[in-house]
Number of protein chains: 2
Amino acid sequence: MKRIESNKNPQIKQWKKLHTKKERDKTGTFMIEGFHLVEEALKSDVIIRELIICEAVDIPSSWNVDNLSFTIVTEKIMQEISDTDTSQGVAAICEQYSVKEGGQFTRLLLVDAVQDPGNLGTMIRTADAAGMDAVIIGEGSVDVYNSKVVRSTQGSIFHLPIVKENLHETIDRLKQKGIKVYGTSLKNAVDYKQAPVEDSFALIVGNEGNGVQAEILEKTDQNLYIPIYGKSESLNVAVAAGILLYHLR
Amino acid sequence: MKRIESNKNPQIKQWKKLHTKKERDKTGTFMIEGFHLVEEALKSDVIIRELIICEAVDIPSSWNVDNLSFTIVTEKIMQEISDTDTSQGVAAICEQYSVKEGGQFTRLLLVDAVQDPGNLGTMIRTADAAGMDAVIIGEGSVDVYNSKVVRSTQGSIFHLPIVKENLHETIDRLKQKGIKVYGTSLKNAVDYKQAPVEDSFALIVGNEGNGVQAEILEKTDQNLYIPIYGKSESLNVAVAAGILLYHLR
């Protein structure tokens, strides 16, 4: 067990840097905060490099931390490294786990250039709840290890594989395997209720403003839309993903 | 047309105060920001007290602003009164519109103590999309005129009535009228797919951590749950509302 009391300790600066994508990419790690997320990480296969505990905090006796490296810090340091307004006093540095290729999965959510961290995190949580095998993140989306994404997953980031992949390659592979690929679009699309419930499928959701890219929509087996009965122009992408995943599965 | 160039002008302080619930309640007004929201307000019946335009911004020629009071401000002032990191240079002060009693509505979303502004705003947007008549906000929810709520509605706040009401009274009235009231709960509930599609219904969603209050759940005709097929503990409340509203209607 280490102890850090001086807020000039270089380790603090290093941890704070993990709030940037650049540093997360460089080190292959990310920070999680709060009792719930740390507990979910402990229960999962993710590798925890360091547990960071505030001196004022007692960790639950159920946590198995015997083989973990951990550091005790002051409340002030804890707040300094935290990305939240009020830290719960518990954080961990985890290794990013990379699934290189999504070939083995048959029930998938594909994410094309979703920008909002809350939306991406909520969709990972929803994909988990709906029993998806994995979430494939295409290029141009917010970093999945962004702290707000991780927080919004409510731990689901540790429950199912998150694969970074070129979506064109994913779709080509799925089609070769005979797995139906659904896009989401307001144009050239059918009412989602017409899509049958199937054991294997992939659903693609897209950018908040522009939707799924046209070149991707052209490659799908079918594009679905959710009817708008009122005066709003569209649904939030995470809500739409929930309606569609729960219909399709 | 007025013009404000000095950032000591007392009007600025007054506008900034509208970011607090206290001032919104006192004045019966709220501030909206951005082209999309202001355009939606202009198209609606809401009363706009003041349009605030940054001197560097041209307003669209399609906007009918002839009878509106408006003020031109500097970029610096615009940013100061804005609740966003980068103001679009357009804002408006609107009157809160109060529907005193939800008696005339037959297709309703009832909100019990939802805390997160993004969740409440997204649910109002979803209720609009799903063709609900109104949204009833019970006690203990975040203020509907909070700027993040308004922003998350994407304009739906101007599309359907938002009623503040004691949910016990709402439920009693709905039951007298023979309108089915569904709660959402993980206990003593049936799979939502068993609930029939009906012309009139009310759905109650609850607090992010605690769900719908027990006393309210006891009064419903039936409580519904959404099955969790994976390892997540629950769904985000706005996603759950979307799945249920689109199933029921």
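Computed from a predicted model, the values in this text were never measured in an experiment.

K.L.:
I'm lost on unusual backbone geometry in this one. Help?
P.N.:
All names here are of chain B. Despite not being glycine, Ala-113 shows a phi value in the positive range, around 55°. Its place among the elements puts Ala-113 in the loop between β6 (107-111) and α5 (117-129). Of note, the phi angle at Asn-188 is positive, near 50°, even though the residue is not glycine. Along the polypeptide, Asn-188 turns up in the loop between β9 (180-184) and β10 (190-191).

K.L.:
Would you mind showing me how to read the interface of chain A and chain B here?
P.N.:
It is common to report an interface's size as the accessible area lost on association of the parts. Listed per partner, the contact involves 30 residues of chain A and 30 residues of chain B. Taking both partners together, chain A and chain B bury about 2400 Å²; carbon and sulfur atoms supply 57% of that area. Taken together, the connections running from chain A to chain B amount to zero salt bridges. At the junction of chain A with chain B, the criterion picks out 20 residue pairs in polar contact (both at pLDDT 80 or more). Of all the elements in the fold, those that place two or more residues in the side of chain A that touches chain B are α3 (35-43), α5 (117-129) and α9 (237-248) of chain A. For the side of chain A that touches chain B, the class distribution of residues is twelve nonpolar, eleven polar and seven charged.

K.L.:
Explanation requested: the sheet that holds strand β1 (residues 2-4) of chain A in the structure shown.
P.N.:
Whenever strands of a sheet pair, they do so through backbone hydrogen bonds, lying parallel or antiparallel. Residue and element names in this part refer to chain A. The strand order across the open sheet built from five strands is β1-β4-β3-β5-β2, with neighbouring strands paired in mixed fashion. Only two strands of the sheet have a single partner each, and these edge strands are β1 and β2 (29-33). Within this sheet the neighbouring strands show an average axis-to-axis angle of 20°, counted without direction. Note that strand β3 (residues 48-54) and strand β4 (residues 70-73) share four bridges and pair parallel. Directly across from Leu-51, in β4, lies its bridge partner Phe-70. On top of the sheet, helix α1 (residues 10-17) reaches β1, β2, β3, β4 and β5 (90-95); it is set at about 90° to β1, its chief contact.

K.L.:
Can you help me understand the domain arrangement of chain A in this one?
P.N.:
All names here are of chain A. By the assigned domains, chain A splits into domain 1 (2-95) and domain 2 (107-248). Computed over C-alpha atoms only, the centres of domain 1 and domain 2 are separated by 31 Å. Between domain 1 and domain 2, the residue contacts involve 13 residues of the former and ten residues of the latter. Each partner contributes to the roughly 1100 Å² buried at the junction of domain 1 and domain 2, and carbon and sulfur atoms together form 62% of this total.

K.L.:
Sorry if this is basic, but what is going on with the packing of α9 of chain A against helix α9 (residues 237-248) of chain B here?
P.N.:
Geometry of a packed helix pair, given as the angle between the helix axes and the separation of the axes. At their nearest, the axes of α9 of chain A and α9 of chain B sit 8 Å apart, and the two run at 50° to each other. By the angle class used here, α9 of chain A and α9 of chain B are oblique. In the packing of α9 of chain A onto α9 of chain B, the handedness of the crossing is right-handed. Where α9 of chain A abuts α9 of chain B, its residues Ala-238, Val-239, Gly-242, Ile-243 and Tyr-246 of chain A lie against Ala-238, Val-239, Gly-242, Ile-243 and Tyr-246 of chain B.

K.L.:
For this particular structure, what's the right way to read helix α7 (residues 167-176) of chain B?
P.N.:
The periodicity of an α-helix, 3.6 residues per turn, causes residues three or four positions apart to be oriented the same way. Residues and elements named next belong to chain B. Looking only at α7, the buried set comprises Leu-167, Thr-170, Ile-171, Arg-173 and Leu-174. The buried residues of α7 occupy an angular sector of 165° when projected down its axis, which confines them to one face. The exposed set on the far side of α7, more than 90 degrees from its buried face, consists of Glu-169 and Gln-176. Residues of α7 that are buried sit in contact with β6, β7 (134-137), β9, β11 (201-205) and α8 (214-217).

Cut-off values and rules
Residues numbered from 1 in each chain as written. Chains lettered and ligands numbered in written order. Predicted model: local features only at pLDDT ≥ 70, side-chain atom pairs only at ≥ 80, totals over all residues. Heavy atoms only, no water. Helix = DSSP H or I, 4+ residues; strand = E, 2+ residues; numbered from the N terminus. Contact = heavy atoms within 4.5 Å. Buried area = accessible area lost by both parts, 1.4 Å probe. Salt bridge = Lys/Arg side-chain N within 4 Å of Asp/Glu carboxyl O. Polar contact = N/O pair within 3.5 Å; in protein donor to acceptor, adjacent residues only side chain to side chain. Nonpolar A, V, L, I, M, F, W, Y, C, P; charged D, E, K, R; others polar. Pairing = 2+ DSSP bridges. Axes fitted to C-alpha atoms, helices over the stretch in contact; angles between N-to-C directions. Domains from an automatic or database assignment. Parallel < 35°, antiparallel > 145°, perpendicular 65-115°, else oblique. Left-handed = near helix turned anticlockwise from the far one by under 90°. Buried < 20%, exposed > 50% of the residue type's maximum accessible area, 1.4 Å probe, protein only. Arc of directions from axis to C-beta.

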